[in-house]
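Below are the chains, spelled out letter by letter.
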Amino acid sequence: MSLCGCGNFEAGVEVNGHPTWLPPKRKEDVPVLRLNNSLTDSKVDFVPKRGRVVKWYSCGPTVYDSTHMGHARCYLSLDILRRIMEDYFNYDVVYQINITDIDDKIILRARQNKLIDDYLNDCAIGIEKVVEDVEKATTRFEEKLEKKEKELEEPLPEDANSRSRQEREDAINQLKLKKENFRNMLLNITAVKAHLEKKNVSEDKCALVTAAREPLAAMLDVEKGHTVTEHAVFDAHTRKYEREYMEDMDALGIRPPDVITRVTEYVPDIIAFIERIIGKGLAYESNGSVYLDIQSFKGKGYNYRKCVPSKGDTSKADIEESEGALAASSTEKKHPNDFALWKNSKPGEPAWESPWGKGRPGWHIECSVVASDILGDNLDMHSGGSDLKFPHHDNELAQSEAALGVKQWVNYFTHAGHLHIKGLKMSKSLKNFVTIRQALEHHSARQLRMMFLLQEWDKPMNFSDQTVEDAKSKEATFKNFFQRVKALMREDYLADPNGVGFRKKEQDHALLELLLQTQDEVHNALLDNFDTRTAVLSMINLVAEANKYLQEVGDKPAVLLIRKIAVYSTQMLKVFGVIQGTDDLGFPLTDGAPGDVETIAKPYLDTFVDFRDKIRNFALSLPKNDPSKTFLLSACDEVRDTSLVEVGVRLEDRVDQSAIWKLDDPAVLKTEVAEKENKIREQKRQKQQKRLEAIEKELSSIKPFLEKLPDEYFSADTYELDDNGIPVKEKNAAEPLAKSKIKSLKKEQAVYKKNYDKVVKKANGDIPEYINALEEELSELTLDQ
């Protein structure tokens, strides 16, 4: 098999220790797009096999549970790349995703859910039995964690590579989090037990099972999992989460794929695909399962592990990840590195008839079969999360090239970076995840997309308050600029007696040049591995300079140049999927709002704002003590902050100018008003708290002065005093006080008198009344708190 290059490929290259990669031949009419190709671990020129057509396959979800923000990191990032390919570079993309609806995780979760439901519905199981089972299950769960901890305490070999060391460090950190989650679970279980009431057994039972669900489900699965045999159990589970996934993608504004496939609909094709590999001597049957023979595969001149090259054997952790939680014993394989194409189904697992007996597809085989059926024997692009590089994608490549007899099944492999939360990969098993639906309760889909745009799509990123707030800030920058430009465009610039052209020559030309420069920067950034972060920051800089320009030129802006900047920014944000709809300029007011709503509203709002301005200016001119002033200004504020907000109008009062109106989503405006009110309340609370602390401090410093006057500072019970009340001798002492001691005591009394006089002055001569006033104020502040 020659690697010198022929047909659609250039000569093979070897980069960064990866096996030989064949660069597709360049077509002159294709832009010079460079992307990070996991097959070389470097940026390479992107050249589709067939003109502008891009055949692109992406691993879809394993539908065993709700999708979380870790999934959104992958799917949203790939959606951004796809939009740029289709809407900016104008490629004709055929985009396919696959739904994994046969998998060990699905089998376990569906089975355990069924067993938990049966357990709860079994009237013969009383609360005493539940308490006993929970105790047994949590003990087993803890033993499992302790066993894992001992395994991780075993030292690595001295020659362990950096990847193995990183995997060990990650595993230790993950175990720490799992142990913390387990401790919290035990606390929750204890709390539930403390409130058990024999009156309502059903509710008590449900509460306890819910608190201990994970360990209890695992124990029930070990004991009874083999009894769950109906396909309908697994089908119902996957269809529920498949629909939820599609709804979540729609809520995030992710374009639907052009083709969607399911594993369960391809089982006959999968069997035929495996038979082709066996027929070529590259796979073998063992105990009803079928494995790819890695040694035979490599012996035929194929390369194994293209995404994550390795000179040694596959690690134990990688093998476990590859074969799944329900894998058979490794003793039935010829070599530990061999992986399952077909699995012999055990009791409690869905099964299909095959030449090797009843079984089910292995994890990796599905993608090879569905993608090659739709997109052929040579894909332009294949994508997924970075955790899938090995074993999943390397195994995909091996079995596909074995079956199809090709040297390179995929030309470009792209992998989205992980999403981390508090330093660890977001994961269901670690319970450190935020579901997409939970995220959308606090942040808009636009803000989440902006957050991912501001990151490198193929690098790890942190999901934190800081990254979300940064995205919200950038969104607000664009939004405020668009609203400002819309307000500017509502004015009749053609009637301006000063003209319509570049009236501020130097500043106008500089802004135009910056626009052209920004367009180049954005274009080059997108050509450079879809660098959306650089692109967005360049656009933000353009908007900032445009705002600065508007401030400086006053009433003589180049209106159409400003509009051009706004339209360009809108077009690019549409490309990125941040803006939906057909409006030329700015964010749509709400989903499905008509594009000409501002034109319709303009004469009415202009008339109303003009009327309100006159009322407000009149009120401002009234004397401060005129009751009409307060009434009119309050009415003007109320219509701005309440009435107009309800109908989606933002009104901004300006000094020595008429107010300016902007249309916005009522929900957004209400949130802003609520946040403003909360901020005012919080500032008031902090001010009250500060005053409360000051009063308490004042009282503690003043009250001692009620006990004695300065002339009574020294007690006759302690000293013999002279006529001025100064000690001359300690009571019952033989000797008088030393002169130095008397001098020190006089100084002490003088300090007290000085402080006493300050308090008297502050209290207007009546310390008790002053203290009473402070205590009354303290009482009122305490009630407000």
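Please read these numbers as outputs of a predicted model, since none were measured by experiment.

**Regarding the overall build of the protein**
Helix and strand counts for the protein come out as 24 helices and 18 strands. Whereas a compact globule of 785 residues would reach a radius of gyration of roughly 28 Å, the protein reaches 37 Å, over 25% beyond that. By principal-axis analysis of the C-alpha atoms, the protein measures approximately 120 × 90 × 60 Å. Looking at the protein as a whole, 46% of its 785 residues are labelled buried. Excluding contacts between residues fewer than 6 apart, the proportion of contacts in the protein whose partners are at least 24 apart in sequence is 71%. Working note: accessible area of the protein is about 40300 Å², and carbon and sulfur atoms make up 51% of it. Averaging the coordinates of the 114 positive side-chain charges in the protein and doing the same for the 133 negative ones gives two points 2 Å apart.

**Observations regarding the sheet that holds strand E10 (residues 379–385)**
The 5 strands lie next to each other as E5-E4-E3-E10-E11, forming an open sheet whose pairing is parallel. A strand with exactly one partner marks an edge of an open sheet, and here the two such strands are strand E5 (259–262) and strand E11 (410–416). Each adjacent strand pair in this sheet contributes to an overall mean axis angle of 20°, direction not counted. Sheet topology note: the strand E3 (residues 53–62)/E10 ladder contains 3 bridges and is parallel. Each bridged residue has a counterpart across the sheet, and for Trp-56 the counterpart in E10 is Met-381. Sheet strands touched by helix H1 (residues 69–88): E3, strand E4 (92–100), E10 and E11. Its angle to E3, the strand with the most contacts, is close to 165°.

**A short note on the packing of helix H3 (residues 127–153) against helix H5 (residues 201–211)**
Put simply, H3 and H5 touch, their axes get as near as 10 Å, and they point 10° apart. The pairing of H3 with H5 is recorded here as roughly parallel in orientation. Contact with H3, carried on its side by Ile-127, Val-130, Val-131 and Val-134, involves Val-201, Asp-204, Lys-205, Leu-208 and Val-209 of H5 and no other residues of that element.

**Side note on the pairing of strand E16 (residues 657–663)**
With 5 of 7 residues buried, E16 is to be regarded as a mostly interior element. The pairing of strand E15 (residues 649–654) with E16 spans 5 bridges and is antiparallel. Paired with Leu-651 across the bridge in E16 is Trp-661. A loop of 2 residues connects E15 with E16, the two strands running antiparallel in sequence, and Asp-656 in this loop sits at a positive phi of about 60°.

**Description of helix H16 (residues 505–527)**
In a regular helix each residue adds 1.5 Å, so 23 residues correspond to 33 Å; H16 covers 33 Å between its end C-alpha atoms and thus fits that length. Inspection of H16 places Asp-508, Leu-511, Leu-514, Leu-515, Thr-518, Val-522, Ala-525, Leu-526 and Leu-527 among the buried residues, and these make up the whole buried set. Buried residues along H16 sit in contact with strand E1 (34–37), H1, helix H17 (532–553) and helix H18 (559–575).

**Some points on the packing of aromatic side chains**
Taken as a whole and assessed by the stated rule, the structure comprises 21 aromatic pairs. Relative to Tyr-91, the ring of Phe-46 has its centre 5.6 Å away and its plane inclined at 90°; by these criteria the two rings are edge-to-face. Here Phe-46, found in the loop between strand E2 (42–45) and E3, pairs with Tyr-91, found in the loop between H1 and E4; they are 45 residues apart in sequence, far enough to count as distant. The residues Phe-46 and Tyr-91 share a single accessibility class, namely buried. Ring plane angle 80° and centroid distance 5.5 Å describe the contact between Phe-482 and Phe-587, whose orientation is recorded as edge-to-face. With Phe-482 in helix H15 (residues 465–490) and Phe-587 in the loop between H18 and helix H19 (597–621), this residue pair connects regions lying 105 residues apart in the sequence. Exposure class is identical for Phe-482 and Phe-587. Each is buried. Counting every residue linked through ring pairs, the aromatic cluster contains Phe-705, Tyr-713, Phe-714, Tyr-719, Tyr-752 and Tyr-756. In this structure, Arg-305 is placed above the aromatic ring of Phe-390, and the distance from its NZ or CZ to the ring centre is 3.7 Å. For Lys-334, the ring lying beneath its charged end belongs to Tyr-284, and the centroid distance is 4.6 Å.

**Notes on the pattern of salt bridges**
Summed over all chains, the structure comprises 50 salt bridges. Across the pair Glu-135 and Lys-193 runs a salt bridge, and its minimum N-O distance is 3.8 Å. Here Lys-193 lies in helix H4 (residues 162–194) and Glu-135 lies in helix H3, a separation of 58 residues in the sequence. Glu-135 sits in the partly exposed class, given a relative accessible area of 45%. In this structure Lys-193 comes out as partly exposed when scored by relative accessible area, which is 30%. The partner of Lys-753 in a salt bridge is Asp-757, with the nearest N and O atoms 3.1 Å apart. Of the two residues, Lys-753 and Asp-757 both sit in helix H23 (residues 739–762), 4 residues apart, roughly one turn of that helix. By relative accessible area, which is 37% here, Asp-757 ends up partly exposed. Put simply, Arg-612, Arg-616, Asp-637, Arg-640, Asp-641 and Asp-653 are held in one network by salt bridges that share partners.

**Points about H23**
Compared with the 34 Å implied by 1.5 Å per residue over 24 residues, the 35 Å span of H23 between its first and last C-alpha is a close match. Of the residues flanking the end of H23, it is Asn-764, one or two places downstream, whose phi is positive at about 55°.

**Re the side chain of Lys-205**
Here Lys-205 is to be found in helix H5. Here Lys-205 is buried and forms no salt bridge, its nearest opposite-charge partner Asp-122 lying at an N-O distance of 6.0 Å. Looking at Lys-205, its side chain comes within polar contact range of the main-chain oxygen of Tyr-119, at 3.1 Å.

**Regarding the pairing of E4**
Burial within E4 is extensive, with 7 of its 9 residues counted as buried. Across 8 bridges, the pairing between E3 and E4 is parallel. From the neighbouring strand, Lys-55 faces E4, where its bridge partner is Val-94. Remark: the E3/H1/E4 crossover connection has right-handed handedness. For E4 and E5, the ladder comprises 4 bridges, and the chain directions are parallel. Paired with Ile-99 across the bridge in E5 is Arg-262.

The rules behind each value
Residues numbered from 1 in each chain as written. Predicted model: local features only at pLDDT ≥ 70, side-chain atom pairs only at ≥ 80, totals over all residues. Heavy atoms only, no water. Helix = DSSP H or I, 4+ residues; strand = E, 2+ residues; numbered from the N terminus. Rg over C-alpha atoms; globule rule 2.2 N^0.38 Å. Buried < 20%, exposed > 50% of the residue type's maximum accessible area, 1.4 Å probe, protein only. Contact = heavy atoms within 4.5 Å. Areas by Shrake-Rupley, 256 points an atom, 1.4 Å probe, with all protein chains shown as cover. Lys, Arg positive; Asp, Glu negative; His and termini not counted. Charge placed at Lys NZ, Arg CZ, Asp CG, Glu CD. Pairing = 2+ DSSP bridges. Axes fitted to C-alpha atoms, helices over the stretch in contact; angles between N-to-C directions. Parallel < 35°, antiparallel > 145°, perpendicular 65-115°, else oblique. Expected span 1.5 Å × (residues − 1). Phe/Tyr/Trp six-rings, centres within 6.5 Å; stacked < 30°, edge-to-face > 60°. Lys NZ or Arg CZ within 6 Å of the ring centre and 35° of its normal. Salt bridge = Lys/Arg side-chain N within 4 Å of Asp/Glu carboxyl O. Polar contact = N/O pair within 3.5 Å; in protein donor to acceptor, adjacent residues only side chain to side chain. Right-handed = clockwise from strand over helix to strand, strands pointing away.

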